[in-house]
Amino acid sequence: MMFIVNLRFSHNKSQASAHMEGHNQWIKRGFDDGIFLMVGSLQPGFGGSVIAHGISRDELESRVKEDPFVAEDVVTAELLEIEPKRADERLSFLMS
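Description of the structure in this document. (Residues numbered from 1 in each chain as written. Predicted model: local features only at pLDDT ≥ 70, side-chain atom pairs only at ≥ 80, totals over all residues. Heavy atoms only, no water.)

### What to know about a nonpolar patch on the surface
Residues Leu37, Met38, Leu91 and Phe93 make up a contiguous nonpolar surface patch of about 320 Å² in total accessible area. Along the polypeptide, phenylalanine 93 turns up in the segment after strand S4 (75–82). Judged by its relative accessible area of 34%, phenylalanine 93 falls in the partly exposed class. (Patch = residues over 30% accessible without salt bridge, like charges linked within 9 Å, V, L, I, M, F, W, Y side chains within 5 Å. Areas by Shrake-Rupley, 256 points an atom, 1.4 Å probe, with all protein chains shown as cover. Salt bridge = Lys/Arg side-chain N within 4 Å of Asp/Glu carboxyl O. Helix = DSSP H or I, 4+ residues; strand = E, 2+ residues; numbered from the N terminus. Buried < 20%, exposed > 50% of the residue type's maximum accessible area, 1.4 Å probe, protein only.)

Written as structure tokens, this is what we have:
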């Protein structure tokens, strides 16, 4: 399975700068652990998105709750679970 995690800014968006360091550490840990494949911004300025792989939904939900942006209601998180059926050979690792 792979997941897309959409992190959309909430009414508390103005608090983002106060929690940016912790959020960046959370992202770094996701990459260090081999879970995050890509992170990026939702345009124009709606929040961010994460592509994750190699983790169960329950484990990812727990990990997302640890993001300071989520914990401090800077963003709301939506997890989309994708069961790959076909992929370009560059993404063949998703099929296993």
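### A closer look at the sheet that holds S4
An order of S2-S3-S1-S4 is seen for the 4 strands of this open sheet, with the pairing classed as antiparallel. Lying at the two open borders of the sheet, with one neighbouring strand each, are strand S2 (36–42) and S4. Averaged over all pairs of adjacent strands, the angle between strand axes in this sheet comes to 15 degrees, irrespective of strand direction. The pairing of strand S1 (residues 2–9) with strand S3 (residues 47–53) spans 7 bridges and is classified as antiparallel. Bridge assignment links phenylalanine 3 to a residue of S3, and that residue is alanine 52. Its contacts with the sheet put helix H1 (residues 16–32) on S1, S2 and S3, and the angle it makes with S2 is roughly 155 degrees. (Pairing = 2+ DSSP bridges. Axes fitted to C-alpha atoms, helices over the stretch in contact; angles between N-to-C directions. Contact = heavy atoms within 4.5 Å.)

### Notes on H1
Between its terminal C-alpha atoms H1 stretches 23 Å, which fits the 24 Å expected from 17 residues at 1.5 Å a residue. Approximately 35 degrees is the largest bend angle found in H1, and it occurs at glycine 22. Those residues of H1 that fall on the buried side of the exposure criterion are Ala16, His23, Trp26, Ile27 and Gly30. Glycine 34 sits one or two positions beyond H1 and adopts a positive phi of about 75 degrees. (Expected span 1.5 Å × (residues − 1). Bend = angle between axes of the 7 residues up to and from the residue.)

Without other data, these values stay purely geometric and don't point to any function.
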